[in-house]
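Residues per chain are reported as follows:
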Amino acid sequence: MAKVIEGLFYSESHEYVKVEGNVGYIGISDYAQHALGNVVYVDMPDVDDEIEAGEEFGAVESVKAASDLFAPVSGKVIEVNEALDDQPELINQDPYENWIIKVELSDKSQLDELMDAKAYAAFCEK
């Protein structure tokens, strides 16, 4: 069973958002990294890029497949996880510690559209 963390917000495309104040840490869930297998490359946006909820902002490539990343929330990219440039496999080791981008949230009400841990765990079991 994939690890699901309480207190995070999850999308149906398996991204998560960890919220601290007005900042969202966005990455892929444990379920997603298991499904992908060994991650070999992470395509990330640039700092200061604007991302829109539901729109593509990058991709994760594994030995098996490439998967687009969809923004669970809108906002401005304030940091990208540069460690993933050299060590994309960090996502396999702990996808919740190794977020992909950090954004300044433009509309916190969008979080209401996402699933909590319990709903996401049930969604993954389907």
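Residues numbered from 1 in each chain as written. Predicted model: local features only at pLDDT ≥ 70, side-chain atom pairs only at ≥ 80, totals over all residues. Heavy atoms only, no water.

**Re the sheet that holds strand 8 (residues 75-80)**
Part 1 of the argument: If you walk across this open sheet you meet the six strands as 1-2-3-9-8-5, and the pairing is antiparallel. The sheet terminates laterally at strand 1 (9-10) and strand 5 (50-51), the two strands that pair on one side only.
Part 2 of the argument: Where strand 5 meets strand 8, two bridges bridge the pair, whose relative direction is antiparallel. Bridging from a neighbouring strand, glutamate 50 pairs with lysine 76 of strand 8. (Pairing = 2+ DSSP bridges. Helix = DSSP H or I, 4+ residues; strand = E, 2+ residues; numbered from the N terminus.)

**Considering the packing of aromatic side chains**
Here the distance between the centres and the angle between the planes together describe a pair of aromatic rings.
Part 1 of the argument: Using the criterion set out here, one finds four aromatic pairs in the structure.
Part 2 of the argument: With 4.4 Å between their ring centres and 5° between their planes, tyrosine 10 and tyrosine 120 make a pair best called stacked. Here tyrosine 10, found in strand 1, pairs with tyrosine 120, found in helix 4 (residues 117-125); they are 110 residues apart in sequence, far enough to count as distant.
Part 3 of the argument: Given a relative accessible area of 0%, tyrosine 10 falls into the buried group.
Part 4 of the argument: Note on tyrosine 25 and tryptophan 99: the rings are 5.5 Å apart at their centroids and 75° apart in plane angle, and the pair reads as edge-to-face. Remark: tryptophan 99 occurs in the loop between helix 3 (90-93) and strand 9 (101-105) and tyrosine 25 occurs in strand 3 (residues 23-28); sequence separation between them is 74 residues.
Part 5 of the argument: Tyrosine 25 gets classed as buried once you look at its relative accessible area, which sits at 13%.
Part 6 of the argument: Three or more aromatic residues joined by ring pairs form one cluster here, namely Tyr10, Tyr120 and Phe123.
Part 7 of the argument: It is lysine 18 that lies over the ring of tyrosine 25; its NZ or CZ is 5.1 Å from the centre. (Phe/Tyr/Trp six-rings, centres within 6.5 Å; stacked < 30°, edge-to-face > 60°. Buried < 20%, exposed > 50% of the residue type's maximum accessible area, 1.4 Å probe, protein only. Lys NZ or Arg CZ within 6 Å of the ring centre and 35° of its normal.)

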